[in-house]
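A structural walkthrough
The lines below spell out each chain.
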Amino acid sequence: IEWLWCKKIQLSKMYEIINEPIEILVSFASDKIMPLYFKWRNRRYKIDKLNLIHHKRDGEDTIYYFNVSDKANYFKLSFSTNKLAWRIEELYFDG
């Protein structure tokens, strides 16, 4: 667990690496993908905001990262174009 620093202000958010598979509902509209809900550890999370999308190459795979948030937490989700699989990579939460 690490501290998250942003804009030179210490936030009371804790950071945890998860790296577990998730089930997800996404919307495809206007050439964009928007995660709406995901299920992790038998709990459903409604995504309120898409904060950032970026991608990287990993050999022949391209992995897209979606930094999203609900009302209380921030999540880093990933989608592997090679495996066609979604994962929750990281979780930021109040400490």
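The written sequence of each chain sets the order in which its residues are numbered from 1. pLDDT decides what is reported in this predicted model: residues at 70 or higher carry local features, side-chain atom pairs at 80 or more are listed and counted, and totals for whole chains, interfaces and linings draw on all residues regardless. The side-chain figures draw on all heavy atoms in the structure; neither hydrogens nor water molecules are used.

What follows covers the packing of aromatic side chains. Any pair of aromatic rings gets described here by the distance separating the centres and the angle formed by the planes. Here the aromatic set is Phe, Tyr and Trp, taking the six-membered ring for Trp, and pairing holds for ring centres within 6.5 Å; pairs whose planes are under 30 degrees apart are stacked, those over 60 apart are edge-to-face, and all others are tilted. Scanning all chains against the criterion turns up seven aromatic pairs. Ring centres of Phe-38 and Tyr-45 lie 5.0 Å apart, and the angle between their planes is 15°; on these two criteria the pair is classed as stacked. Under the scheme applied here, a residue whose accessible area is under 20% of the maximum for its type counts as buried, over 50% as exposed, and between as partly exposed, the area being computed with a 1.4 Å probe on protein chains only. Judged by relative accessible area, which is 1%, Phe-38 ranks as buried. What makes Tyr-45 buried here is its relative accessible area of 8%.

Here we take up the side chain of Glu-89. With respect to the helices, strands and loops of the structure, Glu-89 is situated in strand S9 (residues 85-94). Positive charges come from Lys and Arg alone, negative charges from Asp and Glu alone, with His and the N- and C-terminal ends not counted. A pairing counts as a salt bridge when a side-chain nitrogen of Lys or Arg comes within 4 Å of a carboxyl oxygen of Asp or Glu. Although Glu-89 is buried, it forms no salt bridge, and the closest oppositely charged side chain is Arg-87 at an N-O distance of 4.5 Å. Throughout this description, a polar contact denotes any pair of N or O atoms lying within 3.5 Å of each other; where both atoms belong to protein, one of them has to be capable of donating a hydrogen while the other can accept it, and for residues adjacent in sequence the pair is counted only when both atoms sit in side chains. A distance of 2.6 Å separates the side chain of Glu-89 from the side chain of Ser-78, its partner in a polar contact. Apart from residues no more than four positions distant in its own chain, Glu-89 is found in contact with Glu-16, Ile-17, Ile-18, Asn-19, Tyr-65, Lys-76 and Ser-78. Where helices and strands are cited, they refer to DSSP runs of H or I of at least four residues and of E of at least two residues respectively, numbered from the N terminus. Note on contacts: a residue pair is in contact if any heavy atoms of the two residues lie within 4.5 Å.

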